[in-house]
Amino acid sequence: MYRLLSSAKQVYPIVEHVGWRSFSASASLQHEHILVERRVEGKVGLIQLNRPKALNALCDGLMNEVSVALDEMEADKKVGAIVITGSNRAFAAGADIKEMLPITFQKASRGNFLGHWDRVARCTKPTIAAVNGFALGGGCELAMMCDIIYAGEKAIFGQPEIKLGTIPGAGGTQRLTRAIGKSKAMELVLTGDNLAAVDAERAGLVSKVFPVDELLDKALELGGKIAAQSQMATGYAKEAVNSAYELSLTEGCRLEKKLFHASFGTDDRKEGMAAFVEKRKANFTDN
């Protein structure tokens, strides 16, 4: 099995590890800006942003590759959760400003600039952002598109676009406000100030904070725990929770009830309840 290392543009063999394996060589060779693997016995997909010289700045090519990787993982029935991470220094330090600089209003509006960057938010499988280092601008927005954010203790979040004479354009003003409230979000967006990991956890943006060297293992552990559940049930649960941001309480409860009822048509619901009654571990088949 081989992986293309973008810095050298050469193919090198990589070693299989017990409990996980990479995606196929053909899939890996398509990617220049990310590394793609499967961990936890193939049940957790791992996407690592890999533009180290640019602190993982989000260029159009990188986001297209993330979309392709997510398509592959959604089609893979074995994958039950997905972790997105960067390096210890930066999850993603922002969008690629050099790429943005020459874009005109006409090109941005007619071409729906950044329109496809919400692919992570549209992923049907549970997603976990494992954030070390900088998660600024587009990097913060990418993390917020995930269902759960785990952060290293030195992680830094922020929406500094105001300092560039613009505003967040990939959901920053909307998702940040929903996560931490209007007043705090407004302060960060209007000043471009940063938010440390411990403060992000306190504000509700981050689920948990870990030592830097433990972060990825903890995120993969969480992914494995989620992937061990019924994919039918986790899909219903994700849709129900996300609907709370879009619907009124009455409408949201109505959708929840429909999804709850729908679970009674699955084999996994029967197996889960039978296993509970029989005091054994459930054997979910994702049907």
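Residues numbered from 1 in each chain as written. Predicted model: local features only at pLDDT ≥ 70, side-chain atom pairs only at ≥ 80, totals over all residues. Heavy atoms only, no water.

(A) Fine view of the sheet that holds strand E9 (residues 134-136). Pairing in this open sheet of four strands is mixed, and the strands run E7-E9-E11-E12 from one edge to the other. Edge positions in the open sheet fall to strand E7 (90-92) and strand E12 (194-196), since each of these has one partner strand only. Within this sheet the neighbouring strands show an average axis-to-axis angle of 20°, counted without direction. Of the pairings in the sheet, the one linking strand E11 (residues 156-158) to E12 comprises three bridges and is antiparallel in character. By the bridge assignment, glycine 158 is partnered in E12 with asparagine 194. Helix H5 (residues 138-145) rests against E7, E9 and E11 of the sheet, and its axis sits at about 90° to E9. (Pairing = 2+ DSSP bridges. Helix = DSSP H or I, 4+ residues; strand = E, 2+ residues; numbered from the N terminus. Axes fitted to C-alpha atoms, helices over the stretch in contact; angles between N-to-C directions. Contact = heavy atoms within 4.5 Å.)

(B) Inspection of the packing of aromatic side chains at higher detail. All chains considered together, the criterion is met by two aromatic pairs. For the ring pair tyrosine 150 and phenylalanine 210, a centre distance of 5.0 Å and an interplane angle of 55° mean the geometry is tilted. Of this pair, tyrosine 150 sits in strand E10 (residues 148-152) while phenylalanine 210 sits in strand E13 (residues 208-210), placing them 60 residues apart in sequence. When its relative accessible area of 6% is taken as the criterion, tyrosine 150 is described as buried. Between the aromatic rings of phenylalanine 260 and phenylalanine 264, the centroid separation amounts to 5.1 Å while the plane-to-plane angle is 80°, which identifies the pairing as edge-to-face. Taking relative accessible area as the criterion, phenylalanine 264 reaches 34% and is therefore assigned partly exposed. (Phe/Tyr/Trp six-rings, centres within 6.5 Å; stacked < 30°, edge-to-face > 60°. Buried < 20%, exposed > 50% of the residue type's maximum accessible area, 1.4 Å probe, protein only.)

(C) Region of the structure containing helix H2 (residues 60-75). If you check H2, its first and last C-alpha atoms are 23 Å apart, about what 16 residues at 1.5 Å a residue would give, namely 22 Å. At its buried positions, H2 is contacted by strand E4 (34-39), strand E5 (44-49), strand E6 (81-85) and H5. (Expected span 1.5 Å × (residues − 1).)

(D) Summary view of the pairing of E10. The element E10 is extensively covered by neighbouring structure, given that four of its five residues are classed as buried. The sheet contact formed by strand E8 (residues 127-131) and E10 spans four bridges and is parallel. Each residue of the ladder has a partner; that of isoleucine 128, found in E10, is isoleucine 148. Note: E10 against E13, three bridges, orientation parallel. Pairing of glycine 152 across the sheet is with phenylalanine 210, part of E13.

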